[in-house]
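Understanding the architecture of this molecule
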Amino acid sequence: MLYLTNHLLKISILHPEKDLQYLGSRYCRGGYIWQLDSVEYGPLFSGPQYPDAYPPVFDGQGIPDVFETALGYSIAKVGENVHVIGVGDVLRSSETTPFHVRWNPVVVAPCQWHIVQNSDFTEMSTRAEFKGYSYYLTKKVILGNSGCTVMTNLHNTGTLPIPVRWFVHPFFPLNKGDVSCQLSLPLTIPDNPGFVCTDTTHISIAQTMDWKNGFYRTMSVPWGKPVSIIVKHPVVESITMKTSYGLSWLPVWANRNTFSIEPFFSKFLISQESVGWNVTFTFSKL
């Protein structure tokens, strides 16, 4: 792993070509934050199987992110490859439709990464070509005094447009068996057994549900606007997550080990077009 440290925080970042025991076909391999530790309080993030030292790679832990739309998925037959941005060429081994990496775990040609390490940031970049698609991707993790920022930039270097459907998937620990978060945008959520809107900006989990297998639900918020989300935390009081981009989708998911809220970014990236976005995490007490 690679590490960024200061007097308050330590960020553990997976090496995209060496930490293969933690890497699969789902999460972007560059800039994957495996854990963020407070020097005083210890680990601050969780995961679906946490504290399992080697969780299933599809589940992961920490603050991974996902390019959800695989390039070439609509025409790939079983036995052929698709390309997952930031991961590499992935074998379509399942007939299940629509294509999803959950059912197609084999990475046959992983992306190769160039890594720049500094005292307060790590930047990873990769180039890829696949059946007419071509792109250049950079992921930069920056350590600050009160948190960290993850910056992503994608440049379409080819002739075919690239559908970008991306989300960050932070795994927050449960707050004394519960969780609650407050959004900067008004929200609604359909009736469901797992999540409750306590008012127009707050959401919490239902204590009466059996959380062993997890539960997923999409919320409705004003789309196209950035969001700030304050999540209650058992040891640092709260973590604030802010997006630089307008939302295109906002699901929540939890099980008995963790809670995650997933702000989506979407864009149709035409030839020679670039786009950049970032997510910042800050802590109320370190």
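What this report covers is the structure whose coordinates are included nearby. Not measured: the values here are computed from a predicted model. (Residues numbered from 1 in each chain as written. Predicted model: local features only at pLDDT ≥ 70, side-chain atom pairs only at ≥ 80, totals over all residues. Heavy atoms only, no water.)

**Examining the pattern of salt bridges**
What counts, and what does not: We define a salt bridge as a side-chain nitrogen of Lys or Arg found within 4 Å of a carboxyl oxygen belonging to Asp or Glu. Accessible area is worked out with a 1.4 Å probe on protein chains only. A residue is then buried under 20% of its type maximum, exposed over 50%, and partly exposed in between.
Counted by the stated rule, this structure contains 3 salt bridges. Here E273 and K267 are joined by a salt bridge, their closest N and O atoms 3.1 Å apart. The exposure class assigned to E273 is partly exposed, which follows from its relative accessible area of 23%. Looking at K267, the relative accessible area reads 29%, which means it is partly exposed.

**Some thoughts on the layout of surface pockets**
Selection rule: Using protein atoms alone on a 1 Å grid, points that fit a 1.4 Å probe yet trap it form a cavity, whereas open point sets bounded by protein on both sides within 12 Å along at least five of seven lines form a pocket; residues with an atom within 4 Å of a point count as lining. Grid points are joined across faces, edges and corners, and a volume is the space filled by probe spheres set on the points. Runs of E in the DSSP output that reach at least two residues are strands. Runs of H or I that reach at least four are helices, and both are numbered from the N terminus. Only Asp, Glu, Lys and Arg are considered charged in this grouping, and only Ala, Val, Leu, Ile, Met, Phe, Trp, Tyr, Cys and Pro are considered nonpolar; every other residue, Gly among them, is considered polar.
Taken as a whole, the largest pocket encloses approximately 670 Å³ of empty space. Elements that contribute at least two residues to the lining of the largest pocket include exactly strand 5 (65-67) and strand 13 (162-168). Class assignment for the residues of the lining of the largest pocket results in 16 nonpolar, 8 polar and 8 charged.

**Considering the nonpolar core**
As a reminder of what qualifies: Nine residue types can take part in a nonpolar core, namely buried Ala, Val, Leu, Ile, Met, Phe, Trp, Tyr and Cys, and a core is a set of them joined through side-chain atoms within 4.5 Å. The contact criterion used throughout is that any non-hydrogen atoms of two residues lie within 4.5 Å.
In this structure, L183, F195, F259, I261 and F281 are the most contacted members of the largest nonpolar core, which totals 68 residues. Leaving out residues up to four positions away in the same chain, F259 has contacts with P170, F171, F172, L174, V179, C181, F195, I205, V231, V252, W253 and A254. Of all hydrophobic cores here, the second largest spans 11 residues; its members include L14, L23, Y27 and V66.

**Some thoughts on empty space enclosed by the protein**
Taken as a whole and assessed by the stated rule, the structure comprises 1 cavity of 30 Å³ or more. Of the voids in this model, the largest cavity is the one considered here, and its volume is about 40 Å³.

**Some thoughts on the sheet that holds strand 8 (residues 107-110)**
Applied cut-off: Strand pairing follows a simple DSSP-based rule, namely that at least 2 bridges must link the two strands. Angles run from 0 to 180 degrees between N-to-C directions of axes, and those axes are lines fitted to C-alpha atoms, restricted for helices to the stretch in contact.
As summarised here, the arrangement of the 3 strands in space is 6-7-8, forming an open sheet in which the pairing is antiparallel. Both edges of this open sheet fall to strand 6 (81-84) and strand 8, since each of them pairs with a single strand only. Strand-to-strand, the axes of this sheet are offset by a mean angle of 25 degrees, without reference to chain direction. Pairing analysis gives 3 bridges linking strand 7 (residues 88-91) to strand 8, with the strands arranged antiparallel. Within the sheet, the bridge partner assigned to G88 lies in strand 8 and is P110.

**Here's the deal with the sheet that holds strand 13**
Strand order in this open sheet of 3 strands is 5-13-23, and the pairing throughout is antiparallel. On the outer flanks of this sheet lie strand 5 and strand 23 (264-269), each paired with one strand and no other. Each strand axis lies, on average, 15 degrees off the axis of its neighbour in the sheet, ignoring direction. Bridging between strand 5 and strand 13 involves 3 bridges; their strand directions are antiparallel.

**Concerning the packing of aromatic side chains**
Within a pair of aromatic rings, the relevant descriptors are the distance that separates the centres and the angle that separates the planes. How we decide: Stacked, tilted and edge-to-face are the three classes applied to pairs of Phe, Tyr and Trp rings, where Trp contributes its six-membered ring and a pair requires centres within 6.5 Å; stacked means planes under 30 degrees apart, edge-to-face means over 60, and tilted covers the rest. Look at NZ for Lys and CZ for Arg. If either is within 6 Å of the ring centre and within 35 degrees of the ring normal, a charge sits over the ring.
Inspection of the entire model under this criterion finds 17 aromatic pairs. When the centroid spacing of 6.4 Å and the interplanar angle of 15 degrees are considered together, the rings of W223 and W249 count as stacked. Of the two residues, W223 sits in the loop between strand 18 (215-218) and strand 19 (228-233) while W249 sits in the loop between strand 20 (237-243) and strand 21 (251-254), which places them 26 residues apart along the sequence. W223 sits in the partly exposed class, given a relative accessible area of 40%. Through a chain of ring-to-ring contacts, the aromatic side chains of Y22, Y27, Y32, W34 and Y54 assemble into a single cluster. A cation sits over an aromatic face here: R26 above F58, 4.1 Å from the ring centre.

**Side note on the environment of T188**
Examined against the element boundaries, T188 turns out to sit in the loop between strand 15 (180-183) and strand 16 (195-197). For T188, a relative accessible area of 48% puts it in the partly exposed group. Between the alpha carbons of T188 and L137 there is a distance of 34 Å; along the sequence they are 51 residues apart. Sequence-distant contacts of T188, defined by excluding residues within four places in its chain, comprise C197, M219 and S220.

Such coordinate-based values are descriptive only and should not be taken to indicate function.
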